[in-house]
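# Reading the structure
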Amino acid sequence: MRGGPLGRLLAAAWRAPGGRTGLLLLLGFGALATLAPPFLTDPATMSDVTAGAMAPSMAHPFGTDHLSRDVLSRVINGARISLVIALVAVAVSLVLGAGVGMVAGYVGGAVDAILMRLVDGARAIPRLFLLLLLILVWERIPLTALILVLGFTGWLGTSRLVRGEVLRLRHAPFILAARSLGASPYRVLRVHLLPNVAGPLIVAATLGLGEVILLEAGLSFLGLGVQPPTPSWGGMILEARPVLITAPWTSLFPGLAIACTVLAGNLVGDALQASLDPRTA
Amino acid sequence: MSALSVSNLRVRFPRRRGEGWFHPVDGVTLSVEPGEMLAVVGESGSGKSLTCLALLRLLPPPGEIAAGSAIRVDGADVLALDAEGLRQLRGGKVGMVFQDPAASLDPLYTAGAHVIEALRAHHRLTAAAARARAIELLREVGVGRDRVDAYPHQLSGGQRQRVMIAAALAGEPTLLIADEPTSALDVTVQAQLLDLLGELRARRGMAILFVSHDLALVATRADRVTVMYAGKVVETGPTSALFADPAHPYTRALLAATPSLNEPDRVIEPIPGGVPDPKAWPPGCRFHPRCAARFEPCDTREPEWFPLGAERHAQCWLHGNANGDP
């Protein structure tokens, strides 16, 4: 009962072992990203350019890349960028997707038809293509713009998902009962429909997290995402491509970071979905 | 003034293909006096539930109330209310309890939370005051303090329906609409819930519109009975008089189809056929294809609303003639 909605959500995730692992991983990444950088070498420092990529050692636990920059420092500094991009972009698309989906599903009729045809139209354009078009407007894209562009292109699927759930629940007896007791339409949406679609929404969010991290990597590879020398996980893997065989550590560690983040997100999502539904808690 | 008065209520839905509408509720007239329990009985498909939903204007779209209908609660015209007025009426002056208590509670909220939500929809209350009042209301309907924080799936069917009743009482209603509130429950729980409704009525002076397909259930508890068939009211009258001497052949047939403890040897006779399709109501009297007593005008002319002494009416040609003379 205490601690507000966010506190209750975190507590719910913490109760399941998988959720706890995921939360610890995410918290660990977050803490490293915020606290560690002052103690690390500057990610732009090239200690010995002539040496090229050096294997992991005491001085460089994750080795160095082809420009002899410390991979550990770059992975941790990259976490700042990649996590912020992913979290904010996913939050933007969740809010948009949930809002559009709930309005379309609950109001129905012409509003639903118009919104969903617009969504269908936008979905017909591949997301990467849409991103490329938008991003080509900028010479060097500002980070805020990149985040917003990722967020504004990511809500289409979520809105369809939420609309479907709302359509399923709209005529449920408990919604009718709430209305018969004097709940306003806004209250029905916020208090009864939104929490009941939270499960699928959270799963969409965790999957979206991985998708955004990978998209950002793809954009960075094309030189359109996070601009070098700012490190981002995707950018690092793709910069490491020429030395993939000779210096595998340069792509392995950022790859592991991506995999662990996506996994952690999914673990938390699963735990939340299971515990938000009191029937399975 | 009646707690509820409904006259010529018609509910219409558009036909799937082509033009026009069909009327699953087609001219319902009834009234409930303050503190009275009126039972509305009829087979499935007679329009009972749609009538209940229409009273609070909760019809599922594209259904709507046809022009010419009138619904008044304590004299106030329900059909003239704006959205906010309607919201205040629902759960305020009029409480409503539905058929399936398992599905009528939001699975994500506790028993107490449902009652608190209904309270705060109608009164300005702090969280603590609302909770205290919810606990009182739940106690009034027989849900203990230890069940206040239980989720719907942790409650029995009877307890769930008690929670629904407590939530419906939150706005201190003058009328409670109960749409087959016990049909999904077993017989002993049914009796307990009916006793509870009786107590609440006596204590609060609240009128109850009780919908049921079970005549035996209604016989001992309701003050008056209204019998519905095929979207219309066919007979209405005080319970004892109506059961002792049913005027409409449909009421007679319903009683003949109901087992009775007083006459264990009586043969139970089912009514032949089924309720007609609302998209094609039969001409004349709607019961005539199933009626044993039908005669000349029944299949062509709709019977009028013939009075049968004090407070009794039947819509049947047996009780009048085409000239309108009784």
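For the structure given in this document, a descriptive report is provided here. These numbers were taken from a predicted model, which means no experiment stands behind them.

## Things to note about the overall build of chain B
The helix and strand inventory of chain B stands at ten helices and 13 strands. Principal axes of the C-alpha set define a box for chain B whose edges measure 65 × 50 × 40 Å. Here the analysis covers contacts within chain B between residues at least 6 apart in sequence; of these, 63% occur between residues at least 24 apart.

## Remarks on the packing of helix H3 (residues 71-107) of chain A against helix H6 (residues 143-152) of chain A
For any two helices packed against each other, the geometry is given by the interaxial angle and the distance between the axes. All names here are of chain A. At a minimum axis distance of 7 Å, the contact between H3 and H6 shows a crossing angle of 40 degrees. By the criterion of interaxial angle, the relationship of H3 to H6 is oblique. For the pair H3 and H6, the sense of crossing is right-handed. Contacts between H3 and H6 pair Ile85, Val88, Ala89, Val92 and Ser93 from the former with Leu146, Ile147, Leu148, Leu150, Gly151 and Phe152 from the latter.

## So, the sheet that holds strand E12 (residues 306-307) of chain B
Residues and elements named next belong to chain B. Read from one edge to the other, the open sheet built from eight strands follows the order E7-E8-E9-E3-E10-E11-E13-E12, with strand pairing classed as mixed. Pairing within the sheet leaves two strands with one partner each, and these edge strands are strand E7 (94-97) and E12. Across four bridges, the pairing between E7 and strand E8 (residues 175-179) is parallel. Bridge pairing links Gly95 to Leu176 in E8. Sitting on the sheet, helix H1 (residues 48-55) touches strand E3 (37-41), E8, strand E9 (207-212) and strand E10 (224-229), and the angle it makes with E8 is about 150 degrees.

## Things to note about the pairing of strand E1 (residues 4-14) of chain B
Each regular strand shows side chains that alternate between the opposite faces of the sheet. Residues and elements named next belong to chain B. Bridge count between E1 and strand E2 (residues 21-32): eight bridges; the pairing is antiparallel. Each residue of the ladder has a partner; that of Leu4, found in E2, is Val32. For E1 and strand E4 (residues 64-65), the ladder comprises two bridges, and the chain directions are antiparallel. The residue bridging Val11 from the neighbouring strand is Ile65, located in E4.

## Points about the interface of chain A and chain B
Across the contact, 18 residues belong to chain A and 27 residues belong to chain B. At the level of elements, helix H8 (173-180) and helix H9 (185-221) of chain A are the ones that each hand at least two residues to the side of chain A that touches chain B. With seven residues, the top contributor of residues to the side of chain A that touches chain B is H8(A). Along the lines of polarity and charge, the residues of the side of chain A that touches chain B split into ten nonpolar, six polar and two charged.

## A closer look at the pairing of strand E11 (residues 232-238) of chain B
All names here are of chain B. Most of E11 sits out of view: six of its seven residues are buried. What sits between the antiparallel neighbours E10 and E11 is a turn of two residues, in which Ala230 has the positive phi angle 50 degrees. One ladder, built from two bridges, connects E11 with strand E13 (residues 313-314); its direction is antiparallel. Across the sheet, residue Glu235 finds its bridge partner in E13, namely Ala314.

## Topic: helix H6 (residues 157-169) of chain B
An α-helix turns once per 3.6 residues; consequently, residues spaced three or four apart project the same way. All names here are of chain B. Taking 1.5 Å per residue, 13 residues should reach 18 Å; H6 reaches 19 Å between its end C-alpha atoms and fits that length. Among the 13 residues in H6, twelve count as buried, and that is most of the element. Those residues of H6 not exposed but buried are Gly158, Gln159, Arg160, Gln161, Arg162, Val163, Met164, Ile165, Ala166, Ala167, Ala168 and Leu169.

## Quick word on the packing of H3(A) against helix H7 (residues 156-170) of chain A
All names here are of chain A. Where H3 meets H7, the closest approach of the two axes is 7 Å, and the angle between their N-to-C directions is 35 degrees. Judged by the twist between their axes, the crossing of H3 over H7 is right-handed. Contacts between H3 and H7 pair Ser93, Leu94, Gly97, Ala98, Val100, Gly101, Met102, Ala104, Gly105 and Tyr106 from the former with Thr158, Ser159, Arg160, Leu161, Val162, Arg163, Val166, Leu167 and Arg170 from the latter.

## Re the environment of Val163(B)
Residue and element names in this part refer to chain B. Of note, Val163 is situated in helix H6. Distance from Val163 to Asp100, taken between C-alpha atoms, is 12 Å for residues 63 residues apart in sequence. In contact with Val163, not counting residues within four places along its chain, are Leu105, Ala111, His114, Val115, Leu138, Val143 and Leu155.

## A few points about unusual backbone geometry
All names here are of chain B. Residue Pro62 is bonded to the preceding Pro61 through a cis peptide linkage, with omega at 5 degrees. Note that Pro62 resides in the loop between H1 and E4. Even without glycine at this site, Asn8 takes up a positive phi of about 50 degrees. Taking the C-beta count within 10 Å as the criterion, Asn8 has 12 such neighbours and is therefore assigned exposed. For Glu180, which is not a glycine, the phi torsion comes out positive at approximately 45 degrees. Topologically, Glu180 is positioned in the loop between E8 and helix H7 (187-204). In this structure Glu180 comes out as buried when scored by C-beta crowding, with 21 C-beta atoms within 10 Å.

## Re the environment of Val137(A)
Relative to the assigned elements, Val137(A) resides in the loop between helix H5 (127-135) and H6. Separated by 44 residues in the primary sequence, Val137(A) and Leu181(A) place their C-alpha atoms 52 Å from one another.

## Brief notes about the nonpolar core
Among the nonpolar cores identified, the biggest contains 97 residues, and Val115(B), Val163(B), Ala166(B), Leu175(B), Leu209(B) and Phe210(B) are the most heavily contacted of them. Filtering out sequence-adjacent residues up to four positions away, Phe210(B) remains in contact with Met37(B), Leu38(B), Ala39(B), Ala178(B), Val218(B) and Ala222(B). The next biggest cluster of nonpolar side chains, apart from the first, holds 51 residues, and it includes Ala13(A), Val75(A), Leu209(A) and Val226(A).

Definitions and cut-offs
Residues numbered from 1 in each chain as written. Chains lettered and ligands numbered in written order. Predicted model: local features only at pLDDT ≥ 70, side-chain atom pairs only at ≥ 80, totals over all residues. Helix = DSSP H or I, 4+ residues; strand = E, 2+ residues; numbered from the N terminus. Contact = placed C-beta atoms within 7 Å. Axes fitted to C-alpha atoms, helices over the stretch in contact; angles between N-to-C directions. Parallel < 35°, antiparallel > 145°, perpendicular 65-115°, else oblique. Left-handed = near helix turned anticlockwise from the far one by under 90°. Pairing = 2+ DSSP bridges. Nonpolar A, V, L, I, M, F, W, Y, C, P; charged D, E, K, R; others polar. Buried ≥ 20, exposed ≤ 12 C-beta atoms within 10 Å, placed from the backbone. Expected span 1.5 Å × (residues − 1). Core = buried A, V, L, I, M, F, W, Y, C linked by C-beta atoms within 7 Å.

In short, geometric facts, not functional conclusions.
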